[in-house]
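Spelled out from the first residue to the last, the chains are:
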Amino acid sequence: MTGTLVRGGILLALFAALAVSLPATAAAEDWPFWRGPHKNWISTESEWSPEAVAEGNVLWRANVGKGHSSFAVADGRAYTLGNTDNEDTLYCFEADTGEVLWQRSYPCRAGNYPGPRATPTVDEGRVFTFSRDAVLRCFDAKSGRPRWQQEAPSRDPKWGHASSPIVHEDLVVVNAGTSGTAFKKKTGSRAWSGGKGTPGYASPVLLTRGRRESFLIFSAKALYCVDARTGRPLWDFPWITKYDVNAGDPVLVGDDHVFISSSYGTGCALLKLTGRDVGVVWQNKNMKNHMGSTIYFEGHLYGFDDATLTCLDAKTGERKWSRRGMGKGGLMMADGKLLITTERGIDLVVAEATPKAYQELARTRILDGHTWTSPVLANGRIYCRNDAGDVACLAAN
């Protein structure tokens, strides 16, 4: 790792040309894996409204067992995970009705803060799951038939593995071991491993710069950048958080900046990438992601500073506004709006994604209990859950 401080005038010039690039607005779209189809927690779906959310029209409910897994929605089906009596179960629901089309269970200890942390990934007729005991599994998406399973070489982090599987071309990549592990998605054979050390709790993030593709792996003690095909380390940036809780995914800010954040008083930083050099643009304690990740949108960063919803200026790290009272909730975006689940309650909230001020548009009570899981909007429906495994699907149009 090398570090070079990027200073004032240069910084402003760099960000003058920086803009988020999103696909055209879509009437509806699937959400087939963690962080969604555009891999940034932002949906371009437009046929939904805050007014419909405020009505609180729940289409169906279910219980899937304890855990923190979010939802993957693809081809009219919704997938999630839960744990009961030290068995994880992968559920496949009909998205419209909540009918269980199939379910598959396998042994896995529930652990502290029980249940799975990772979200299923749907890709080309397959569903991939990664358990807290570091086993990657592949199932047939239509029938639930098991195809293969492999254990990643990795030391167990204190609260179990939490990485969602990330598919890239013919590989499935997870944050396991020192700096990630990749498997062939069709056969399960191991493609590469970054060592048998302890991982962090974040999921891998694909970084494309010119012709080079790499993965950002937020490990227990550092942010690693590794070659996507080989796992060869390109650079690393030390980042120490109490209990090794590097849990919020790295956030791409344009083509050559990365935002990282963690809790326990650690804070956040914006990093500048130049070749194989990584330097600090700014660093402060204005955003301390504990569970969830921050979202970058139109020059600003939206996320939870511990238990306070916060907006930062991405150029400077300056706090634009903050909103208490939601706990360490879940967050995604769609059509220029924040969709938030409160940690306790559990309310589903819609607010404008604007740096001017917190502007709430709608709120409805969706579940009881407690959650750290982000909501998912897909095809006019919003999926939420609590850590006891209660699931609610709400009409959003």
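Quick note: structure is the one above.
Attention here is on the structure that accompanies the text.

So, how was this worked out
- Residues numbered from 1 in each chain as written.
- Predicted model: local features only at pLDDT ≥ 70, side-chain atom pairs only at ≥ 80, totals over all residues.
- Heavy atoms only, no water.
- Helix = DSSP H or I, 4+ residues; strand = E, 2+ residues; numbered from the N terminus.
- Rg over C-alpha atoms; globule rule 2.2 N^0.38 Å.
- Buried < 20%, exposed > 50% of the residue type's maximum accessible area, 1.4 Å probe, protein only.
- Contact = heavy atoms within 4.5 Å.
- Areas by Shrake-Rupley, 256 points an atom, 1.4 Å probe, with all protein chains shown as cover.
- Pairing = 2+ DSSP bridges.
- Axes fitted to C-alpha atoms, helices over the stretch in contact; angles between N-to-C directions.
- Salt bridge = Lys/Arg side-chain N within 4 Å of Asp/Glu carboxyl O.
- Phe/Tyr/Trp six-rings, centres within 6.5 Å; stacked < 30°, edge-to-face > 60°.
- Lys NZ or Arg CZ within 6 Å of the ring centre and 35° of its normal.
- Core = buried A, V, L, I, M, F, W, Y, C linked by side-chain atoms within 4.5 Å.
- Disulfide = S-S within 2.5 Å.

### As for the overall build of the chain
Move 1: Scanning the chain from terminus to terminus reveals two helices and 33 strands.
Move 2: The C-alpha radius of gyration of the chain comes to 20 Å, within 12% of the 21 Å expected for a compact globule of 397 residues.
Move 3: Principal-axis analysis of the C-alpha atoms gives the chain an extent of 55 × 50 × 35 Å.
Move 4: Every one of the 397 residues in the chain was classed for burial, and the buried ones make up 61%.
Move 5: Counted over contacts in the chain with a minimum sequence separation of 6, partners at least 24 positions apart contribute 52%.
Move 6: Accessible surface, the chain as shown: approximately 14900 Å² in total, 47% of it carbon and sulfur.

### Overview of the sheet that holds strand β1 (residues 42–43)
Move 1: One open sheet accounts for five strands, arranged β1-β27-β28-β29-β30; its pairing is mixed. The open sheet has two edge strands with one neighbour each: β1 and β30 (360–365).
Move 2: Alignment of strand β28 (residues 337–341) against strand β29 (residues 347–352), held across five bridges, turns out to be antiparallel. Bridge pairing in β29 places L338 opposite A351.

### Some thoughts on the sheet that holds strand β32 (residues 381–385)
Paired through their backbone hydrogen bonds, the strands of a sheet run either parallel or antiparallel.
Move 1: The four strands lie next to each other as β2-β33-β32-β31, forming an open sheet whose pairing is antiparallel. The outermost strands of the open sheet, each flanked by one partner alone, are β2 (58–63) and β31 (376–378). When strand polarity is set aside, the average angle formed by the axes of neighbouring strands in this sheet is 20 degrees.

### Brief notes about unusual backbone geometry
Move 1: Residue I346 is reached from G345 by a cis peptide bond, and omega for that bond is -5 degrees.
Move 2: Phi is positive for Y264, close to 55 degrees, though the residue is something other than glycine.
Move 3: By secondary structure assignment, the location of Y264 is in the loop between β20 (257–262) and β21 (267–274).
Move 4: Residue class for Y264 comes out partly exposed when judged on its relative accessible area of 34%.

### Brief notes about the pattern of salt bridges
Move 1: Enumeration according to the criterion identifies 18 salt bridges in this entry.
Move 2: Put simply, E124 and R126 hold a salt bridge, and the shortest N to O gap is 4.0 Å.
Move 3: Looking at R126, the relative accessible area reads 10%, which means it is buried.
Move 4: We note a salt bridge from D140 to R147, for which the minimum N-O separation is 2.9 Å.
Move 5: The exposure class assigned to R147 is partly exposed, which follows from its relative accessible area of 34%.
Move 6: Through salt bridges with shared partners, one network takes in D123, E124, R126 and K185.

### Some words on the packing of aromatic side chains
Move 1: Evaluation of the coordinates by the stated rule reveals 17 aromatic pairs.
Move 2: Ring centres of W34 and W41 lie 4.8 Å apart, and the angle between their planes is 80 degrees; this geometry places the pair in the edge-to-face category.
Move 3: Taking the relative accessible area as the measure of exposure, W34 reaches 18% and is therefore buried.
Move 4: Taking the relative accessible area as the measure of exposure, W41 reaches 3% and is therefore buried.
Move 5: On the numbers, 5.6 Å between centres and 65 degrees between planes, the contact of W321 with Y358 is edge-to-face. Taken together, the residues W321 in strand β26 (residues 319–323) and Y358 in the loop between β29 and β30 connect sequence positions 37 residues apart.
Move 6: Members of the aromatic cluster, connected to one another through ring pairs, are W60, F71, Y91, F93 and Y383.
Move 7: For the cation-ring pair, R137 lies above Y106, with the distance from its terminal atom to the ring centre recorded as 3.8 Å.
Move 8: The residue whose ring lies beneath K158 is W159, and the NZ or CZ to ring-centre distance is 5.3 Å.

### With respect to the nonpolar core
A general feature of soluble globular proteins is that nonpolar side chains tend to end up buried together.
Move 1: Counting 50 residues, the largest nonpolar core has I340, I382 and Y383 as its most contacted members.
Move 2: Setting aside its immediate chain neighbours within four residues, I382 contacts V53, L339, L348, P375, V376, L377, A392, C393, L394 and A396.
Move 3: The next biggest cluster of nonpolar side chains, apart from the first, holds 18 residues, and it includes A202, V205, L223 and A269.

### Re the state of the cysteines
A covalent bond between the sulfur atoms of two cysteines is what we call a disulfide.
Move 1: Summed over the entire model, instances satisfying the criterion amount to zero disulfides.
Move 2: Sulfur of C92: no disulfide; nearest cysteine sulfur belongs to C393 and is 14 Å away.
Move 3: Accessibility expressed as a relative area gives 0% for C92, which makes it buried.
Move 4: Not part of a disulfide, C393 finds its nearest cysteine sulfur in C384, a span of 8.9 Å.

### Comments concerning the pairing of β32
Move 1: Counting buried positions along β32 yields five of five residues, so the element is predominantly enclosed.
Move 2: Taking every second residue as pointing to the same face, both faces of β32 are buried, with R381, Y383 and R385 on one and I382 and C384 on the other.
Move 3: Pairing of β31 with β32, which is carried by three bridges, proceeds in the antiparallel orientation. Bridge pairing in β32 places L377 opposite I382.
Move 4: Connecting β31 to the antiparallel partner β32 that follows it, the hairpin turn spans two residues, and N379 within it adopts a positive phi of roughly 55 degrees.
Move 5: Looking at chain direction, β32 and strand β33 (residues 390–395) are connected through five bridges and run antiparallel. The residue of β33 that forms the bridge with I382 is L394.

### Description of the pairing of strand β13 (residues 181–184)
Move 1: Summarising the sheet, strand β12 (residues 171–174) and β13 pair through four bridges and their orientation is antiparallel. When the sheet's bridge partners are listed, L171 is paired in β13 with K184.
Move 2: Between β12 and β13, which pair antiparallel and follow one another directly, the connecting turn spans six residues, one of which, G177, has a positive phi of 80 degrees.
Move 3: Where β13 and strand β14 (residues 190–193) come together, three bridges link them in antiparallel fashion. Within β14, the residue paired with F183 across the bridge is R190.
Move 4: A loop of five residues connects β13 with β14, the two strands running antiparallel in sequence, and G188 in this loop sits at a positive phi of about 85 degrees.

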